[in-house]
Each structure stands twice: as structure tokens, then as C-alpha cells.
Amino acid sequence: MDYKKFVYEQKKRDKILKAKSTQVTVKEIRFGPQTDEHDYEFKRKNAEKFLKEGAKLKAFVFFKGRSIIYKDQGQILLLRLATDLEEFGKVEAMPVLEGKRMIMFIAPKKKK
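None of the values given here were measured: they were computed from a predicted structure.

Rules and cut-offs
Residues numbered from 1 in each chain as written. Predicted model: local features only at pLDDT ≥ 70, side-chain atom pairs only at ≥ 80, totals over all residues. Heavy atoms only, no water. Helix = DSSP H or I, 4+ residues; strand = E, 2+ residues; numbered from the N terminus. Rg over C-alpha atoms; globule rule 2.2 N^0.38 Å. Contact = heavy atoms within 4.5 Å. Areas by Shrake-Rupley, 256 points an atom, 1.4 Å probe, with all protein chains shown as cover. Lys, Arg positive; Asp, Glu negative; His and termini not counted. Charge placed at Lys NZ, Arg CZ, Asp CG, Glu CD. UniProt positions renumbered as here; feature names shortened; annotations may be inferred. Core = buried A, V, L, I, M, F, W, Y, C linked by side-chain atoms within 4.5 Å. Buried < 20%, exposed > 50% of the residue type's maximum accessible area, 1.4 Å probe, protein only. Salt bridge = Lys/Arg side-chain N within 4 Å of Asp/Glu carboxyl O.

Caption draft 1: Structural detail: the overall build of the protein chain. Along the backbone of the protein chain there are three helices and four strands. Along its sequence from the N terminus, the protein chain presents helices and strands in the succession α-β-α-β-α-β-β. A compact globule built from 112 residues would reach a C-alpha radius of gyration of about 13 Å, whereas the protein chain, at 20 Å, exceeds it by more than 25%. Viewed in the frame of its principal axes, the protein chain has a C-alpha envelope of about 70 × 35 × 20 Å. The long-range fraction of contacts in the protein chain, counting pairs at least 24 apart against all pairs at least 6 apart in sequence, stands at 63%. Carbon and sulfur atoms make up 54% of the accessible area of the protein chain, which amounts to about 8500 Å² in all. Positive and negative side-chain charges in the protein chain, numbering 28 and 16 respectively, have mean positions lying 7 Å apart.

Written as C-alpha cells, this is what we have:
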């Protein structure tokens, strides 16, 4: 077998596999522990749009300085977001505190 022909066929296979693969994008939404109602609704609508486009959503609450004492408010906020976006996506990872951030991932639902 000719080596150049082998390399050509290998590149051709790689190109086909690359065309079939899908790129997953991750969009981020940032909240504060005491986010106001209007700000929450605005960010929820953006999150809804991201999930409809097929992107994963990384929602996090960022605690500045002494606001770390409001961990429970941050968790309530993220769980509320999860219930509001239940029809557009499913929760991949529940809220977890990592340093000064409480992070939650939501993946879009598969289209039928």
C-alpha cells in the first residue's frame, strides 16, 4: 500500500469525524448573594435564551468580602433559577461552594 495514499485517507477520515462532532459552548451568568428581583428576571431570560440555543449554562453566585455569610441566600437563588429553567434544561451539578463562588451547571434538554 502506498504511504501517501494512506495519509490521504487518514486525513479524509479525520475531516469527516471533525464535521460530525459538535462543539459545546458554556455560557456564564453571575449573581450576587442579594440580587434584586428585576436583575434576577433579566438574567433568567438570558439563561433561557442560552439554553434554547443549545449552550450549557454555568450559573454562579460570587461572594465578595464578608458576604460569604449569605451562603444560604446564594444557594436559594441558584435553586430558584434551576426550578425556573426546568422546562428548558436539566441540572447537571447542584450548587457547590468553591472558594468564593457557588457554582451550578445546567445542560439544555435534547430536542425531539
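On we go.
Caption draft 2: Looking closely at the UniProt feature "domain: Translation initiation factor 3 C-terminal" (unreviewed entry) in the protein chain. UniProt's feature table lists "domain: Translation initiation factor 3 C-terminal" (unreviewed entry) at residues 24-109, given in the numbering used throughout. What you have in residues 24-109 is 36% helix and 36% strand, and the ends, taken at the C-alpha atoms, are 13 Å apart.

Caption draft 3: Geometry of the nonpolar core. With 19 residues, the main nonpolar core has F31, L57, V61, L78, L81 and L85 as its most contacted residues. Every element with two or more residues in this core is listed here: β1 (26-31), α2 (37-53), β2 (56-62), α3 (71-84) and β4 (101-108). Other than its neighbours up to four places away in sequence, V61 contacts F31, G32, P33, G74, L77, L78, K100, R101 and M102.

Caption draft 4: How the structure looks around the pattern of salt bridges. In this structure the tally under the stated criterion is seven salt bridges. E37 serves as the salt-bridge partner of R80, at 2.8 Å between the closest nitrogen and oxygen. One end of the pair, R80, is in helix α3; the other, E37, is in helix α2, and 43 residues separate them in sequence. Linking E48 and K52 is a salt bridge whose minimum nitrogen-to-oxygen distance equals 3.7 Å. Of the two residues, E48 and K52 both sit in helix α2, four residues apart, roughly one turn of that helix.

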